[in-house]
Amino acid sequence: MTSRPRARGSSRSCRSWCRARAPTASPGCPRSGNPQHEGRPERWRSSAPTSSTAPVARRCATRWSSTTATRSSPRGRARRRRSRPAHRRSNVSGSTILPGLWDMHAHVQQVEQGAAYLAAGVTTVRDLGNILEFVTGIRDTVDAGKGLGPRILVSGIVDGDGPRALGTVRIKRREDIAPVLDRLKRAGCLEVKLYSSVAPSLVRPIAEAAHRRGMRVVGHVPEGMSVLEAIAAGYDGVSHVQFLFDPLFAPGEAGQLSREARGRRIADANVAAPPLAQVVRAFAAKKVMLDDTLALYELMTHTAEENARREPGLAKLPRELRGLFDGSSPAQAALDGAIFSKYLAIVGALHRAGVPIVAGTDISVPGHSLHRELELYVQAGLSPMAAIQAATSVPARVMGMQAQVGTVEPGKRADLVLVAGDPIADIRNVRKVTTVVARGRMYDPAALWRIAEFTP
């Protein structure tokens, strides 16, 4: 469990999704069922007071009113001015209204994933690596109201040269930087995601060029580079918590050690002492974001039996995806579990230092793993409120969209999640999604799960 994340093309979760689930419907034509209540889109507004500082309306004792959308015409607009629009009221007392959740490490590769994300209350995803034309096509289809899924923010993935290089967008020399970044900018990418084979000498000029274009730089730490060097070169965000442990090894040392020796060094490390304390300070000094993908690492560091106990979503997967995560072997589980405990510890230390932590799953168990990510944050020492903010207000702020989404406030986009119970009292209640509102449309989660062929 100490090797770097595998290339996206060889990722277990990604590969299994692609192999087991061939696309069966166009983005604009879900295969079955209409998940919208009443069969029509509805625009929602809250009659409850809201706060600009807290993303959670705790234990709501209020009613929500929905206005049925109607086709716009001069006659229709005049009629709406003369009469009160039709409303349907729902009693949500005893429930909690949350802002729509974000998955900040997604890979939208099958149309079914869109329904699964929405069913879990995920209304925005950041796609961190895909075929550019494919993901922008899905993004534009959903934005046009012709597809079912969350809002997609695209990060353009870039790799370098070498036998493990990924994808078709490459920067191999300085002359490649401007045309590649211009192409990503034209495609509407908000970020450049650097992958593992980018030459370390190119990272700083890529970051400088990206920043001039108003794009952030995020991703893996390239081979031959440490996380501290990546931050110094201009990284705005790092994906995967395991990269933070690279400074425990001298350059080139990790590859010479056995798997057990590498793992033991991580398991025995003190997060509060050098060099890991230096990593925490570097992140905090520049406010570098971390999308840690803890939920993915948990699935990889525990036995299949333990994973089934920790992640109930595994039992709800479609038939083709069951057995996707076989986890760690019983013989290796003790060491892997100790490594995972250090992952939790450094995430907690980063949060206490003021580092922006954002929830991301790298697909894992679509939808469900986002909930598990928040549960793991609480285990790492975050408060339930802070854990929820890591999937709501913090990513909205990091992506510069805090004026539009991220909190429940009048005038913001109607991306909302209604859950039974109070996740501030018990973060596990975030799994009890009863209603999802995305772009002002209300959805029934059970119908969405069935579209994705999950068990509701």
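Predicted model, so just to flag it, every value in this text is computed and none were measured. (Residues numbered from 1 in each chain as written. Predicted model: local features only at pLDDT ≥ 70, side-chain atom pairs only at ≥ 80, totals over all residues. Heavy atoms only, no water.)

### Details of the overall build of the protein chain
And then number 1: Looking only at helices and strands, the protein chain features 16 helices and 16 strands.
And then number 2: Taking all 456 residues of the protein chain together, the buried fraction comes to 58%.
And then number 3: Counted over contacts in the protein chain with a minimum sequence separation of 6, partners at least 24 positions apart contribute 74%.
And then number 4: Summed over its atoms, the accessible surface of the protein chain is roughly 18600 Å², and 51% of this surface lies on carbon and sulfur atoms. (Helix = DSSP H or I, 4+ residues; strand = E, 2+ residues; numbered from the N terminus. Buried < 20%, exposed > 50% of the residue type's maximum accessible area, 1.4 Å probe, protein only. Contact = heavy atoms within 4.5 Å. Areas by Shrake-Rupley, 256 points an atom, 1.4 Å probe, with all protein chains shown as cover.)

### Structural notes on unusual backbone geometry
And then number 1: The step from proline 274 to proline 275 runs through a cis peptide bond, and the omega angle for that step is 0°.
And then number 2: Looking at where proline 275 falls in the secondary structure, it is placed in the loop between α8 (259-267) and α9 (276-286).
And then number 3: The phi dihedral of aspartate 362 is positive, around 55°, even though this residue is not glycine.
And then number 4: By the element assignment, aspartate 362 lies in the loop between β13 (357-358) and α13 (368-379).
And then number 5: Residue arginine 439 is not a glycine yet carries a positive backbone phi of 55°.

### Quick look at the packing of helix α5 (residues 174-186) against helix α6 (residues 200-212)
And then number 1: Relative orientation of the contacting elements α5 and α6 amounts to 35°, with a least axis distance of 10 Å. The handedness of the crossing between α5 and α6 comes out as right-handed. Across the interface between the two elements, Arg174, Ile177 and Leu181 from α5 touch Ser201, Leu202, Pro205, Ile206, Ala209 and Ala210 from α6.
And then number 2: When the residues that make up the contact of α5 with α6 are grouped by side-chain class, the tally is 7 nonpolar, 1 polar and 1 charged. (Axes fitted to C-alpha atoms, helices over the stretch in contact; angles between N-to-C directions. Left-handed = near helix turned anticlockwise from the far one by under 90°. Nonpolar A, V, L, I, M, F, W, Y, C, P; charged D, E, K, R; others polar.)

### Re the sheet that holds strand β11 (residues 237-239)
And then number 1: Pairing in this open sheet of 8 strands is parallel, and the strands run β6-β7-β8-β9-β10-β11-β12-β13 from one edge to the other. Bordering the open sheet on either side are β6 (101-106) and β13, each of which pairs with just one other strand.
And then number 2: Pairing of strand β10 (residues 216-219) with β11, which is carried by 2 bridges, proceeds in the parallel orientation. Each residue of the ladder has a partner; that of glycine 219, found in β11, is valine 238.
And then number 3: Sheet strands in contact with helix α4 (residues 132-143) are β7 (122-127) and β8 (151-158), and its direction is about 165° off that of β8. (Pairing = 2+ DSSP bridges.)

### Some thoughts on the confidence of the model for the protein chain
And then number 1: Model confidence for the protein chain is summarised by a mean pLDDT of 85, while 81% of its residues fall at 70 or above.
And then number 2: Low pLDDT (under 50) marks residues 1-55, which in the prediction has 173 contacts with non-local residues, meaning those over four places away or in another chain.
And then number 3: Taken as a whole, residues 57-84 scores under 50 in pLDDT and shows 63 contacts with residues more than four places along the chain or in a different chain. (pLDDT = per-residue confidence, 0-100.)

### Focus on helix α3 (residues 111-119)
And then number 1: With 8 of 9 residues buried, α3 is to be regarded as a mostly interior element.
And then number 2: For α3, every residue scored as buried is listed here: Glu112, Gln113, Gly114, Ala115, Ala116, Tyr117, Leu118 and Ala119.

### Observations concerning the environment of alanine 250
And then number 1: Structurally, alanine 250 can be placed in the loop between β11 and α8.
And then number 2: Between the C-alpha atom of alanine 250 and that of serine 226, which follows or precedes it by 24 residues, the distance is 9.8 Å.

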